[in-house]
Amino acid sequence: MIPYGRQAISKQDIDAVIETLQSDFLTQGPQVPKFERAVAQRVGADHAIAVNSATSALHVAVSALGLEQGDLLWTSPITFVASANCARYVGADVDFVDIDPDTFNMSPRALAKKLEVAKAIGRLPKVIIPVHMAGQSAPMREISALAKPLGIRILEDASHAIGGSYAGHPVGACRYSDISVFSFHPVKIITTAEGGMAVTNNSDLADKMAMLRSHGITRDPGLMTHEPEGPWYYQQIDLGWNYRLTELQAALGLSQLGRLEEFVERRNALANRYDKLLAKLPLSLPGRQAQTYSSFHLYIVRLKDSDANRRGEIFQMLREAGIGVNLHYIPVHLQPYYRALGFEHGDFPVAENYYGRAISIPLYPDLSDEDQQRVVQVLSSALAA
Ligand SMILES: *Cc1c(COP(=O)(O)O)cnc(C)c1O
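A short tour of the structure in this document, coming up.

## Section: helix α3 (residues 54–64)
The element α3 is extensively covered by neighbouring structure, given that ten of its eleven residues are classed as buried. Taken together, the buried positions of α3 are occupied by A54, S56, A57, L58, H59, V60, A61, V62, S63 and A64. The N-cap residue of α3 is S53: its side-chain oxygen and the backbone nitrogen of T55 are 3.3 Å apart. Phi turns positive one or two residues past the end of α3, at G66, with a value near 85 degrees.

Below you can see the structure in the form of structure tokens.
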């Protein structure tokens, strides 16, 4: 089976993990802060907080932004469920903003309209989470221009997008947001097996997230209610969790980060080659936005409307031929958990239409030219069948 995505692990990655395994620290040692500094520097953010998943990063981020019961968070319906679930963890409500059919990202036009209504009824979101779908940045300038004047905080779910750039800056520079979050799950751009990172230019948010990642505990006397009672002393001043990344994971992440450029270049080369090889097939191919360099986490093709009723069949034919296609994503509002909260079919028609036609085909740095050719052959015969 040619999978839709997979990690690329080198001898150097393996050596880095083994070396850390033999060192004094398996957790809470020097590798995590080193990895944090390296990511912060690479993406042009002032602070980085490593955690054990992007889901945890989203949780500490919304908590640091003060999202709580009674508040509202908006995100895109075309994302992994974690982008919405983080609001539910803190008891806040979730709503969605429909996507742009060309980019699969949150539509600024839909956002503008929804904000007008929300303003009129006095129910504005406290936080908006744009998702950089497939590795292509959402239109952050437009989203920020709409949301900032209303006092809405912006959290970028950049789980797909480390190594990409937007308007001349790396994704994660947080030029148009408060916090950005990355995932290091094995199918993402770089991996720590499980792992995530929140980056920000705001030192208060960084301190808060760092504390929440580790039980809400501080060793900073300046934050304590009274003088430390001795060198052993710490205080728990908030309710946090154990969301720490291990030293082994950080060592792997650091080693992987060294090849980020190479990974993203290879992904782009493969994507450009797909563009050429698939150009004559009855498919809509992923567009490229001006000002945006995608990290190409996913290569998503869409069937034409005339083939939409054949999606299941075509998907099955590809799977049976050993092509590990996938679907990103089932619109979150259609998940039973969210339907039980009142969402229905028809709520976000652009997202639902996209869902009916999308297929993610294999894309990862070690995908060989021959395997890519095979994907194209199987896909074209499935379309012609
Ligand atoms: C993968 C992913 C997440 C969750 O990442 P984990 O590290 O697995 O928790 C969140 N949002 C999006 C858009 C993702 O693709």
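So much for the structure itself; the text now carries on.
## Let's talk about the sheet that holds strand β14 (residues 299–303)
Strand pairing in a sheet relies on backbone hydrogen bonds. The paired strands run either parallel or antiparallel. Across the sheet, which stays open at both edges, the three strands sit in the order β12-β14-β15 with antiparallel pairing between neighbours. Every other strand in the sheet has two partners, leaving β12 (283–284) and β15 (358–361) as the edge strands with one partner each. Pairing analysis gives two bridges linking β12 to β14, with the strands arranged antiparallel. Residue S284 lies in a different strand from β14, and its bridge partner there is R302.

## Focus: the packing of helix α9 (residues 260–278) against helix α13 (residues 369–384)
The N-to-C vectors of α9 and α13 enclose an angle of 35 degrees; their axes lie 11 Å apart at closest approach. In the crossing of α9 with α13, the sense of the turn from one axis to the other is right-handed. Contact residues: α9 offers R266, L270, R273, Y274, L277 and L278, while α13 offers D369, Q372, Q373, V375, V376 and L379. Of the residues assigned to the contact of α9 with α13, the class counts are seven nonpolar, two polar and three charged.

About the cut-offs
Residues numbered from 1 in each chain as written. Predicted model: local features only at pLDDT ≥ 70, side-chain atom pairs only at ≥ 80, totals over all residues. Heavy atoms only, no water. Buried < 20%, exposed > 50% of the residue type's maximum accessible area, 1.4 Å probe, protein only. Helix = DSSP H or I, 4+ residues; strand = E, 2+ residues; numbered from the N terminus. Polar contact = N/O pair within 3.5 Å; in protein donor to acceptor, adjacent residues only side chain to side chain. Pairing = 2+ DSSP bridges. Axes fitted to C-alpha atoms, helices over the stretch in contact; angles between N-to-C directions. Left-handed = near helix turned anticlockwise from the far one by under 90°. Contact = heavy atoms within 4.5 Å. Nonpolar A, V, L, I, M, F, W, Y, C, P; charged D, E, K, R; others polar.

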